[in-house]
Amino acid sequence: MKSRLRIMFLLVVGLAYTAFAQTSISSRTSEGNPVMVSLSTPKYPPLARQANITGDVEIKLEIRKDGSIQSAIVVSGHPMLTEAALSSAQQSRFECRECEDVATQYSLTYDYSFQLTASPGWPCPETGGVRVTQSGNRVMVSAEPAMVHPYFSSLKVRSAKCFYLWTCSSRWGGQDYYYYRVRSAKCLGLWNCGYHLREPLATCRKLHHEIVN
């Protein structure tokens, strides 16, 4: 009887020690610090920029001890922005500092913020490009609003391609399509001999080419 009690006692002590050791290891590995050491520059999706879509995308990553990515999933965000954020996160490089357990994955969350911000003097001159800044686990992706709209940058016209029977071709809308006349210092402000841009639908290069020619 005593031997059975002794064996049961040893089993209980052994199980308690195992649980304590696992808890100790778990608490130790949870202190690992995965960090991004090289950000893969995200792109602002052209269609999202054209549609003036902005917003935040949250990406959850599972990082191994060697810094490789176990998994990357989209937690939230606009469907037209998520692919760019996910691609950037998957192609970035990470380090797992003070990570001890090889078998454990360490969670990391990154927020990608896509914003459209007009630069001084927009829409002309047109600077273009995407500006990316990073602060901690937040990545800011900023671009200028799109200036070309597929439905307004040209006019439908009849063409020889369709024997002039219906409008199956297009041509440049022209200077008057995008400008309205205003009084200008060039004519001493007496009558309308200057121009103001009606709406930023065409690129400055195209407008400039039309004015010069």
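Keep in mind that this is a model prediction, so the values were computed, not measured.

Asks: For this particular structure, what's the right way to read the state of the cysteines?
Replies: Disulfide: a covalent bond connecting the sulfur atoms of a pair of cysteines. Scanning the entire structure with this criterion turns up 2 disulfides. Across the disulfide from cysteine 162 sits cysteine 168; the S-S distance is 2.2 Å. Its torsion about the S-S bond being -95°, the disulfide of cysteine 162 and cysteine 168 is classed as left-handed. Here cysteine 162 falls in the buried class, since its relative accessible area comes to 5%. Of the residues examined, cysteine 168 reaches a relative accessible area of 27% and is grouped as partly exposed. The disulfide that involves cysteine 187 links it to cysteine 193, with 2.2 Å between the sulfurs. The sign of the S-S torsion, about -100°, decides the handedness of the disulfide formed by cysteine 187 and cysteine 193: left-handed. Of the residues examined, cysteine 187 reaches a relative accessible area of 8% and is grouped as buried.

Asks: Whenever I open this one, the confidence of the model for the chain confuses me. Can you help?
Replies: Any region with low pLDDT has predicted coordinates that should not be read closely. Here the chain averages 76 in pLDDT, while 64% of its residues score no lower than 70. Across the chain, helix H3 (residues 79-91) holds the top mean pLDDT of 95, while helix H5 (residues 204-212) sits lowest at 51.

Asks: Before we go on, may I ask you to explain a nonpolar patch on the surface in this structure?
Replies: Taken together, Phe163, Leu165 and Trp166 make up a surface patch of nonpolar side chains, about 410 Å² in accessible area. Tracing the backbone through its elements, the reader meets phenylalanine 163 in the loop between strand E8 (154-158) and strand E9 (167-172). The exposed category is assigned to phenylalanine 163, whose relative accessible area is 68%.

Asks: What exactly am I supposed to notice about the pairing of strand E6 (residues 130-135) here?
Replies: Every regular strand shows the same layout, with side chains that alternate between the two sheet faces. Examined bridge by bridge, E6 and strand E7 (residues 138-143) share 6 bridges and lie antiparallel to one another. The partner of valine 132 across the bridge, within E7, is valine 141. The antiparallel pairing of E6 with E7 creates a hairpin that spans 2 residues between the two strands, and glycine 136 there sits at a positive phi of about 65°.

Asks: How do you make sense of the environment of serine 159 when you look at a structure like this?
Replies: Mapped onto the fold, serine 159 is located in the loop between E8 and E9. Each C-alpha atom of the pair serine 159 and arginine 171 lies 10.0 Å from the other, and the pair is 12 residues apart in sequence.

Asks: What is the right way to look at the side chain of serine 184 in this model?
Replies: Within the secondary structure, serine 184 is located in the loop between strand E10 (179-183) and strand E11 (192-197). Judged by its relative accessible area of 16%, serine 184 is buried. Not counting residues within four places of it along the chain, the set of residues in contact with serine 184 comprises Gly189, Trp191, Cys193 and Gly194.

Asks: When you look at the nonpolar core in this model, what are you seeing that I'm missing?
Replies: A general trend in soluble globular proteins is that nonpolar side chains are found buried together. In terms of nonpolar packing, the biggest core is built from 23 residues, with Tyr44, Ile59, Leu61, Tyr110, Tyr112 and Phe114 touching the most fellow members. Mapped onto this core, the elements with two or more residues apiece are strand E2 (55-63), H3, strand E5 (106-116) and E7.

Asks: When you look at H3 in this model, what are you seeing that I'm missing?
Replies: Structurally, the α-helix is built with 3.6 residues per turn, so residues lying three or four positions apart point the same way. The terminal C-alpha atoms of H3, which comprises 13 residues, lie 19 Å apart, in line with the 18 Å expected from a rise of 1.5 Å per residue. Within the span of H3, buried status applies to Leu81, Thr82, Ala84, Ala85, Leu86, Ser88 and Ala89. Where H3 is buried, its residues meet helix H2 (46-50), E2, strand E3 (69-76), strand E4 (93-97) and E5.

Asks: Looking at this structure, how should I read unusual backbone geometry?
Replies: Most of the time, phi is negative for any residue but glycine, and the peptide bond is trans. If you check the backbone angles, asparagine 52 has positive phi at about 55° while not being a glycine. Position of asparagine 52 relative to the elements: it lies in the loop between H2 and E2. Phi at tyrosine 164 is positive, roughly 60°, even though this residue is not glycine. Positionally, tyrosine 164 belongs in the loop between E8 and E9.

Asks: How do you make sense of the pattern of salt bridges when you look at a structure like this?
Replies: When the charged atoms of two side chains lie near each other, side chains of opposite charge can form a pair. Under the criterion given, the structure shown has 2 salt bridges. Among the ionic pairs, arginine 138 bridges to aspartate 56, the shortest N-O distance being 3.5 Å. Taken as a pair, arginine 138 in strand E7 and aspartate 56 in strand E2 lie far apart in primary sequence, 82 residues in all. We classify arginine 138 as partly exposed; its relative accessible area is 33%. Its relative accessible area of 39% is what places aspartate 56 among the partly exposed residues. The shortest N-O distance in the salt bridge between arginine 97 and glutamate 95 comes to 3.2 Å.

Cut-offs applied
Residues numbered from 1 in each chain as written. Predicted model: local features only at pLDDT ≥ 70, side-chain atom pairs only at ≥ 80, totals over all residues. Heavy atoms only, no water. Disulfide = S-S within 2.5 Å. Buried < 20%, exposed > 50% of the residue type's maximum accessible area, 1.4 Å probe, protein only. pLDDT = per-residue confidence, 0-100. Helix = DSSP H or I, 4+ residues; strand = E, 2+ residues; numbered from the N terminus. Patch = residues over 30% accessible without salt bridge, like charges linked within 9 Å, V, L, I, M, F, W, Y side chains within 5 Å. Areas by Shrake-Rupley, 256 points an atom, 1.4 Å probe, with all protein chains shown as cover. Salt bridge = Lys/Arg side-chain N within 4 Å of Asp/Glu carboxyl O. Pairing = 2+ DSSP bridges. Contact = heavy atoms within 4.5 Å. Core = buried A, V, L, I, M, F, W, Y, C linked by side-chain atoms within 4.5 Å. Expected span 1.5 Å × (residues − 1).

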